[in-house]
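# Structure at a glance
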Amino acid sequence: MPSNRGVEPSIARSRRRDARLPLGAVSAVAVGLAVAPAGLPAQQLDTGRLAIEIDGRRVGTESFRVWREQTTVDAFALVTRENGGGQRSLDVRFRSDANLRPVQYRLRAEPEALSVDGEWTGDRLRLHVNSNQGERWKEFATPGGAAVLEEGVAHHYLLLAHRLREAEIGRRLAVIIPSRSSRVEGILRARQSDPVSVGGQSVAATRFDIDVDGQTRSVWIDAEGRLLRVENPGRRLVATRLPDEG
């Protein structure tokens, strides 16, 4: 995958700038970040921060960036979570083709020293997972170009929602959970207009209800295709876009 040097500092700087900006001004910040890591023109799809809550208690933050460059779509995120009095961090990178079919995947998690690397060749995925429990390889078919939903990572739902924007209700697709080396089924159950509160303001949005391995998750995106909210009742988890530090 291409070098992402400069992406992480850009996210850190955006946190400070966003502190004084309402939601409507986030797009202006995104324009300033729309620079491909290799210096080539890129189209910013979304960049932002999400507050992560479990049972209504804030437990972490996810800072993410998604951009299109020529024939690929790249996504990068830093996720920090409270973990038994300490802190857990995830560095997640994901590349798709122009149709959002996955191509490459990488995850690094601390403090458990977990690494996950995936590469697709056509409709086959080869995964390599290395952790304190050992090393494993797995290869399996992903017909139709599977979606990727990592445990505890919210911005992957943005990519899934974009894939399902024009899909018929009932559309089925394979879903890969890389850190579990597993493939499950995803089903689009509903897609409808549903305003959502962001920073105390009601924002017009489209909600996607998606069954993943028998449990429903809901995803809200706005008219510009930006991720506003993710709900995963099975894990009692909610991720909500942060318009500012307050």
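So, here is what we can say about the structure in this document. (Residues numbered from 1 in each chain as written. Predicted model: local features only at pLDDT ≥ 70, side-chain atom pairs only at ≥ 80, totals over all residues. Heavy atoms only, no water.)

## As for the overall build of the protein
Keep this limit in mind: Secondary structure elements follow DSSP: runs of H or I no shorter than four residues count as helices, runs of E no shorter than two count as strands, and numbering proceeds from the N terminus. For every residue, the accessible area obtained with a 1.4 Å probe (protein chains only) is divided by the maximum for its type, and the residue is called buried under 20%, exposed over 50%, and partly exposed between those limits. Using a 1.4 Å probe, the Shrake-Rupley method yields the accessible areas, and only the shown protein chains count as cover for residues.
From N to C terminus, the protein includes 3 helices and 17 strands. Across the 246 residues in the protein, those meeting the buried criterion constitute 52%. Summed over its atoms, the accessible surface of the protein is roughly 11,500 Å², and 46% of this surface lies on carbon and sulfur atoms.

## Thoughts on the side chain of S218
The condition is simple: Counted as a polar contact is a pair of N or O atoms within 3.5 Å, where, for protein atoms, one must be capable of donating a hydrogen and the other of accepting one, and residues adjacent in sequence contribute only when both atoms are in side chains. Two residues qualify as a contact provided that any one of their heavy atoms is within 4.5 Å of a heavy atom in the partner residue.
Secondary-structure assignment places S218 in strand β15 (residues 215-221). Since its relative accessible area comes to 12%, S218 is described here as buried. Looking at S218, its side chain comes within polar contact range of the side chain of D209, at 2.7 Å. When neighbours within four sequence positions are excluded, S218 is seen to be in contact with R207, F208, D209, R229, V230 and E231.

## A look at the environment of D74
Looking at the element boundaries, D74 is found in strand β3 (residues 72-83). Separated by 21 residues in sequence, D74 and R95 have C-alpha atoms that sit 4.5 Å apart. A distance of 2.9 Å separates the side chain of D74 from the side chain of R95, its partner in a polar contact.

## Some remarks on unusual backbone geometry
In this structure, the amide linkage connecting E110 to the following residue, P111, adopts the cis form with an omega of 15°. Relative to the assigned elements, P111 resides in the loop between β5 (102-110) and β6 (114-121). In this model, Q70 sits at a positive phi of 55°, which is unusual for a non-glycine residue. Its location among the elements puts Q70 in the loop between β2 (57-69) and β3. Of note in this structure, S181 is not a glycine but carries a positive phi near 50°. Checked against the element boundaries, S181 lands in the loop between β10 (172-177) and β11 (182-193). Here S181 falls in the buried class, since its relative accessible area comes to 6%.

## Notes on the nonpolar core
Inside soluble globular proteins, nonpolar side chains tend to come together where they are buried. What counts, and what does not: Buried residues of nine kinds, namely Ala, Val, Leu, Ile, Met, Phe, Trp, Tyr and Cys, make up a nonpolar core once their side-chain atoms join them within 4.5 Å.
In terms of nonpolar packing, the biggest core is built from 52 residues, with Y105, L164, F208, I210 and V219 touching the most fellow members. Apart from the residues within four sequence positions on either side, I210 is in contact with L160, L164, I187, L188, Q215, T216, R217 and V219.

## Quick word on the pattern of salt bridges
Here is the rule: When a carboxyl oxygen of Asp or Glu is within 4 Å of a side-chain nitrogen of Lys or Arg, the pair counts as a salt bridge.
Counting across every chain of the model gives 21 salt bridges. Between E151 and R180 there is a salt bridge, and its shortest N-O distance comes to 2.7 Å. Of this pair, E151 sits in the loop between β9 (147-148) and α3 (156-163) while R180 is found in the loop between β10 and β11, placing the two residues 29 residues apart along the sequence. Given a relative accessible area of 41%, R180 falls into the partly exposed group. What emerges from the salt-bridge pattern is a single network uniting D91, R93 and R106.

## Thoughts on the packing of aromatic side chains
Selection criterion: Classification of ring pairs rests on two measures: the distance between centres of Phe, Tyr or Trp rings, Trp counted by its six-membered ring, which must be within 6.5 Å, and the angle between planes, read as stacked under 30 degrees, edge-to-face over 60 and tilted in between. Our definition puts a charge over a ring when NZ of Lys or CZ of Arg is within 6 Å of the ring centre and also within 35 degrees of the ring normal.
Per the counting criterion, the structure on display carries 1 aromatic pair. Between F94 and Y105, the aromatic rings sit 6.1 Å apart at their centres with planes inclined by 70°, giving edge-to-face as the arrangement. Taken as a pair, F94 in strand β4 (residues 86-97) and Y105 in strand β5 lie far apart in primary sequence, 11 residues in all. Both residues of the pair, F94 and Y105, count as buried. Positioned over the ring face of W67 is R65, at 4.1 Å from the centre of the ring. Looking at R229, its charged tip hangs above the ring of W220, at a distance of 5.9 Å from the centre.

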